[in-house]
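Fold and geometry: a report
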Amino acid sequence: MTDPVTLHRLDPAQRPPDTVEAWLQALPGPAMLHVPGADRRRVRALVTLLHGNEPSGLKALHAWWRAGLPTPATDLLVIIASVEAARTPPRFSHRHRPGERDLNRCFRAPWEDAPGRLAQAIMAELVALGPEAVLDLHNTSGPSPAFAVSVLDDARHRAFASLFCDHLIVTDLRLGALMDAAEHLFPTLTVECGGSGDPQADAHAAQVIQRYASTDHLFGALPATDTLKVFHNPVRLELAQGARLSFDPADQADITLAADITRHNFDLCRPGDVLAALGPHGLNALVARDHRGRPVLQELFAAQEGNLTPRQPLHLFMATARADIAASDCLFYVAPAARQDVRQ
Ligand SMILES: [Zn+2]
């Protein structure tokens, strides 16, 4: 048997060191902090740093705590997850520890390995506490506007998301993410506050934490000027097994992603827009399945003069400028545009 993982309890009275780097170094491992709120009968959970290369949430927490830990509307449980991955050199560059699974794919059994046991420990803390909401704060790995992701589309999740973002992605895809597991028990939202390393994303994360902590009722009616755009079931575009991906045309890879691919995040891409250069295997180097597992590559994309282009207008999300992440996770997500978007 392997040892269970415990989350170290941080003392709210002990302010962190003055830089986020020093704080990360000093953390005893995966940690949690329980902040007493104005209404002690209710509690919310904030999870961050599930991915070690997504530091905006940790930076915002650090600044929030250094500012004196303002009393939240309700009790707030903060969980800081992938401390070890984040401080594996070079700092804030590893999504997960080398050789381990992605923690945000481990929130379902089996739990045998280290990330599985950490995911299990995080779920156990949430279950023990019964929060009225769970917010999981991430960065995208490429530059992107902020957006929220949920597995349910209802008035509560729309109101919750619109506190923080203008875009909500609703997905039926179950990857073993925290959101998939937690939603069975608590209203849960993932917020992607923008690209890692982008000062705007850090500022957005600070705003997310401030609003989440201070808003009295998270699921109030949507404001009359509701601007939330909702996208259902985006499709992941993945590299086929054995295919190679690069950003450098000199590599002659199977897929050479356009150098400015992240510029398209949340853009509407149209037939003729070049998303990548294709190699000798053409579209066969790619796989796209919808949330039911149906192959949809040919429906959504075409090969045109050796390039990958949309076959129909597509919204593109979560493109990254990192070849390793594009190859191991996915190149990007796309959602067919609604008719009214195409006319604009
Ligand atoms: Zn993430």
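Residues numbered from 1 in each chain as written. Predicted model: local features only at pLDDT ≥ 70, side-chain atom pairs only at ≥ 80, totals over all residues.

What the protein chain contains, in helices and strands, is ten helices and 19 strands. Radius of gyration (C-alpha) of the protein chain: 20 Å, near the 20 Å computed for a compact globule of 344 residues. When the 344 residues of the protein chain are sorted by exposure, 41% land in the buried category. A separation of at least 24 residues holds for 72% of the contacts in the protein chain among residues at least 6 apart in sequence. (Helix = DSSP H or I, 4+ residues; strand = E, 2+ residues; numbered from the N terminus. Rg over C-alpha atoms; globule rule 2.2 N^0.38 Å. Buried ≥ 20, exposed ≤ 12 C-beta atoms within 10 Å, placed from the backbone. Contact = placed C-beta atoms within 7 Å.)

End to end, helix α4 (residues 114-129) covers 23 Å across 16 residues, agreeing with the expected 22 Å (1.5 Å per residue, within 8%). Residues of α4 that are buried: Pro115, Gly116, Leu118, Ala119, Ile122 and Leu126. Axial view of α4: buried residues confined to an arc of 165 degrees, hence all on one face. Of the residues one or two after α4, glycine 130 is the one with positive phi, at around 65 degrees. (Expected span 1.5 Å × (residues − 1). Arc of directions from axis to C-beta.)

In this section: the sheet that holds strand β5 (residues 134-140). Strand order in the open sheet made by the nine strands is β1-β2-β4-β3-β5-β8-β6-β7-β9, with mixed pairing throughout. Taken across any chain shown, the strands that pair with only one partner, and hence form the sheet edges, are β1 (8-10) and β9 (229-232). Taking each pair of neighbouring strands and ignoring which way they run, the sheet shows an average axis angle of 25 degrees. The pairing of β5 with strand β8 (residues 188-195) spans six bridges and is parallel. Bridging from a neighbouring strand, aspartate 136 pairs with threonine 190 of β8. (Pairing = 2+ DSSP bridges. Axes fitted to C-alpha atoms, helices over the stretch in contact; angles between N-to-C directions.)

Here we come to the packing of helix α2 (residues 56-66) against helix α7 (residues 199-214). Running from N to C, α2 and α7 point in directions that differ by 60 degrees, and their axes come no closer than 8 Å. As summarised for this structure, α2 and α7 are arranged oblique, according to the angle between their axes. α2 and α7 meet at a crossing whose hand is right-handed. Contacts between α2 and α7 involve Ser56, Gly57, Lys59, Ala60, Leu61, Ala63 and Trp64 from the former and Ala201, Asp202, Ala205, Ala206 and Ile209 from the latter. Tallied by class, the residues present in the contact of α2 with α7 amount to eight nonpolar, two polar and two charged. (Parallel < 35°, antiparallel > 145°, perpendicular 65-115°, else oblique. Left-handed = near helix turned anticlockwise from the far one by under 90°. Nonpolar A, V, L, I, M, F, W, Y, C, P; charged D, E, K, R; others polar.)

Parsing the protein chain into structural domains produces domain 1 (8-230) and domain 2 (235-343). Distance between the C-alpha centres of domain 1 and domain 2: 28 Å. At the interface, twelve residues of domain 1 touch eleven residues of domain 2. Its residues assigned to classes, the side of domain 1 that touches domain 2 comprises four nonpolar, six polar and two charged. (Domains from an automatic or database assignment.)

Looking at chain direction, strand β16 (residues 301-304) and strand β17 (residues 307-310) are connected through four bridges and run antiparallel. Across the sheet, residue glutamine 304 finds its bridge partner in β17, namely asparagine 307. Where β16 folds back onto β17 in an antiparallel hairpin, the turn is made up of two residues, including glutamate 305, whose phi is positive at roughly 50 degrees.

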